[in-house]
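A look at the structure
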Amino acid sequence: MRVRHPDHPDWGTGQVQSNIGGKVTVNFPDAGKVVIDGTRIGLLPVFDDG
């Protein structure tokens, strides 16, 4: 799944690598691999990057 971080749009569109126990690992093109607490941050799904 592709997502954006609502507080960091400059990170670009990231790809979710895993979601284990609410800890979501996302690989962002401009921030690298980031682990996000999915219970605190609502990632925004991206359906069309164009």
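Just above, that's the structure.
Points about the sheet that holds strand E4 (residues 32-37)
- The strand order across the open sheet built from five strands is E4-E3-E2-E1-E5, with neighbouring strands paired in antiparallel fashion. Taken across any chain shown, the strands that pair with only one partner, and hence form the sheet edges, are E4 and strand E5 (44-45).

Details of the pairing of E4
- Here strand E3 (residues 23-28) runs beside E4; their pairing, made up of six bridges, is antiparallel. Following the sheet pairing, Lys 23 is matched in E4 by Asp 37.
- Linking E3 to E4, which pair antiparallel, is a turn of three residues.

Points about the side chain of Thr 25
- With respect to the helices, strands and loops of the structure, Thr 25 is situated in strand E3.
- According to the relative accessible area criterion, Thr 25 is buried, its value standing at 13%.
- Ignoring any residue separated from it by four or fewer positions in sequence, one finds Thr 25 in contact with Gln 15, Val 16, Gln 17, Ser 18, Lys 33, Val 34 and Val 35.

Some thoughts on the pairing of strand E2 (residues 14-20)
- Taken together, the two bridges between strand E1 (residues 2-4) and E2 define a ladder with antiparallel strand orientation. Pairing of Val 3 across the sheet is with Gly 14, part of E2.
- Pairing geometry for E2 and E3, over five bridges, is antiparallel. By the bridge assignment, Ser 18 is partnered in E3 with Thr 25.
- Linking two consecutive strands that pair antiparallel, namely E2 and E3, is a turn of two residues; a positive phi of about 60° is found at Gly 21 within it.

Remarks on the environment of Val 34
- Tracing the backbone through its elements, the reader meets Val 34 in strand E4.
- The exposure class of Val 34 is buried, given its relative accessible area of 16%.
- In this structure, the C-alpha to C-alpha distance between Val 34 and Gly 14, residues 20 residues apart in sequence, is 9.4 Å.
- Ignoring anything within four residues of it in the chain, the contact list for Val 34 reads Trp 11, Val 24, Thr 25, Val 26 and Phe 28.

Calculation rules
Residues numbered from 1 in each chain as written. Predicted model: local features only at pLDDT ≥ 70, side-chain atom pairs only at ≥ 80, totals over all residues. Heavy atoms only, no water. Pairing = 2+ DSSP bridges. Helix = DSSP H or I, 4+ residues; strand = E, 2+ residues; numbered from the N terminus. Buried < 20%, exposed > 50% of the residue type's maximum accessible area, 1.4 Å probe, protein only. Contact = heavy atoms within 4.5 Å.

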